[in-house]
Amino acid sequence: MKDTLILAFESSCDETSVAVIKNGKEILSNIIATQIKSHQRFGGVVPEVASRHHVEQITICTDLALKEAGVTYEDLDAVAVTYGPGLVGSLLIGIMAAKSIAFAHNLPLIKVNHLAGHIYAANLVSDLKYPFMALIVSGGHTEIVRVDSPGEFKRLGDTRDDAVGEAFDKIGRVLGLKYPAGKQIDQMAQLGNDTFGFPRAMLQEDNLDFSFSGLKSAFINTVHHADQVGEKLDKNDLATSFQECVVDILTEKTFRALKNNPVKQLIVAGGVAANSGLKKRFADEITKRNLDLDLIVPPIRLCGDNAAMIGAAAQVEYDKNNFTELSLNADPSLDFE
Ligand code: KG4
Ligand code: ZN
């Protein structure tokens, strides 16, 4: 069978990324220009600044992606792009680039849900077997999704308030850490103990939704109170206590979902999937519960935002001949349902 080459774009937040993916499995190139340094002094992503950076970077990244892959526009079979969820101004830059190339080179255009991209990042490292379960944990999302067949997603659980990565970043700010703080909290958490016992918000028994705002408030109150009375708290213990609490909640809900929906594979995707405490706990839990379940966590460079994952998800639509019009618009609050 003839190989399929997809040129993929990702620009939903603060990474401009362009990739060339072969058959939805092989990364020929995956160029990622991160803007983190520009946003750090503001403690979070500034949408206007993000859009400007995407404009500056997108053609450079496209040229690099083609060059590194050793292909030209003539070799491509399709162009794919994230159309949501994300920042509208940022999404539009990727969409404009993808549309222009699709039009100029007469290539089919494929629209990709950013969350589907995070899930299909797993396809770049393992062969996926349907049905499977995915836990998406990123700066903007905390969702449990069952994938019954290629590109068919059923959302089983969602966050009621803050996304888990957002909670990491917010408490990181209180600890005086740079944005995004997840990685550093993860490192600190390995040095401390869970001495604070923050509340585990599990919501109702049969529920698969998440809530992290109570934990965030408890954390912030603890730190502020200590500041007021001049008490010095151990930052590593704070980090461990926070992370243990998050991991407990994610574990409880994910394995509850697995109990009701027996599958053979569990994918953990999104930036927070890089968390070492989470990975370890899930692996331990599978052993402890004696489950016949493959845990698939993409490597760190594929957990964060990147266009390779968009190319992998696009291949699923390509195989279904699911192409989109050049009138495609951004959908900032796109979800699975
Ligand atoms: O998927 P992603 O790159 O962007 C979104 O689509 O949101 O996720 C970024 C999030 C940030 O909140 C960051 O703090 C978090 O992932 N993160 C981590 C770790 N590495 C990145 N959170 C916990 N532990 C980590 N090791
Ligand atoms: Zn993401």
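Asker: Even after reading the chapter, I still don't get the sheet that holds strand E8 (residues 152-157), so can you show me in this structure?
Answerer: Adjacent strands of a sheet pair through backbone hydrogen bonds, lying either parallel or antiparallel. Spatial ordering of the open sheet is given by E8-E7-E6-E9-E10, a layout of five strands whose pairing is mixed. Among the strands making up the open sheet, the edge pair consists of E8 and strand E10 (294-296). Along the sheet, successive strands turn relative to each other by an average axial angle of 25°, direction set aside. Against the sheet, helix H9 (residues 276-288) touches strand E6 (132-137), strand E9 (265-269) and E10, its axis set at about 170° to E10.

Asker: What am I meant to see in the side chain of Asn261 here?
Answerer: Here Asn261 is to be found in the loop between helix H8 (235-260) and E9. Within the structure, the side chain of Asn261 is placed 2.7 Å from the side chain of Arg146, a separation counted as a polar contact. Ignoring sequence-local partners within four residues, the contact set of Asn261 consists of Met133, Arg146 and Leu156.

Asker: Just to check I follow, could you spell out the nonpolar core for this structure?
Answerer: The nonpolar side chains of a soluble globular protein tend to be buried with one another. Val137, Phe212, Phe242 and Leu250 are the most contacted members of the largest nonpolar core, which has 45 residues in total. Contributing elements (two or more residues each) for this core: E6, helix H5 (164-174), helix H6 (182-189), helix H7 (213-228), H8, E9 and H9. Once residues lying within four places of it in the same chain are set aside, the contact partners of Leu250 are Leu135, Val137, Thr142, Val164, Phe210, Phe212, Leu278 and Phe282. Counting residues in each nonpolar core, the second largest holds 35 residues, with Ala8, Leu115, Ala116 and Ile267 among its members.

Asker: Explanation requested: the packing of H5 against H7 in the structure shown.
Answerer: When two helices pack together, their arrangement is given by the angle between the helix axes and the distance between those axes. Between H5 and H7, whose axes approach to 10 Å, the crossing angle comes to 5°. Relative to H7, the element H5 lies roughly parallel. Counted together, Lys170, Ile171 and Val174 of H5 and Lys216, Phe219, Ile220 and Val223 of H7 form the full contact between these two elements. When its residues are assigned to classes, the contact of H5 with H7 shows five nonpolar, no polar and two charged.

Asker: Can you walk me through the environment of Lys232 in this structure?
Answerer: With respect to the element layout, Lys232 can be found in the loop between H7 and H8. It is 21 Å that separates the C-alpha atoms of Lys232 and Asp186, two residues lying 46 residues apart in sequence.

Asker: Teacher, can you tell me more about the coordination of the zinc ion (ligand 2) here?
Answerer: In an ideal tetrahedron of four donors about a metal, each angle is 109.5 degrees. In an ideal octahedron of six donors, the angles are 90 or 180 degrees. For the zinc ion (ligand 2), the full set of protein donor atoms is His114 (NE2), His118 (NE2) and Asp305 (OD), at a range of 2.0 to 2.2 Å. Geometry at the zinc ion (ligand 2) is irregular, judged from the four donor atoms that bind it and their angles of 93 to 142° at the metal. The sequence motif formed by the donor residues of the zinc ion (ligand 2) is H-x3-H-x186-D. In this pair, His114 and His118 are both assigned in helix H4 (residues 114-120), four residues apart and thus about one turn of the helix distant. Residue classification places His114 among the buried positions, given a relative accessible area of 6%.

Criteria and cut-off values
Residues numbered from 1 in each chain as written. Chains lettered and ligands numbered in written order. Predicted model: local features only at pLDDT ≥ 70, side-chain atom pairs only at ≥ 80, totals over all residues. Heavy atoms only, no water. Pairing = 2+ DSSP bridges. Helix = DSSP H or I, 4+ residues; strand = E, 2+ residues; numbered from the N terminus. Axes fitted to C-alpha atoms, helices over the stretch in contact; angles between N-to-C directions. Contact = heavy atoms within 4.5 Å. Polar contact = N/O pair within 3.5 Å; in protein donor to acceptor, adjacent residues only side chain to side chain. Core = buried A, V, L, I, M, F, W, Y, C linked by side-chain atoms within 4.5 Å. Buried < 20%, exposed > 50% of the residue type's maximum accessible area, 1.4 Å probe, protein only. Parallel < 35°, antiparallel > 145°, perpendicular 65-115°, else oblique. Nonpolar A, V, L, I, M, F, W, Y, C, P; charged D, E, K, R; others polar. Donors = N, O, S within 2.8 Å, 3.2 Å for Na, K, Ca; no water. Tetrahedral: all angles 85-135°; square planar, octahedral: opposite > 155°, others 65-115°.

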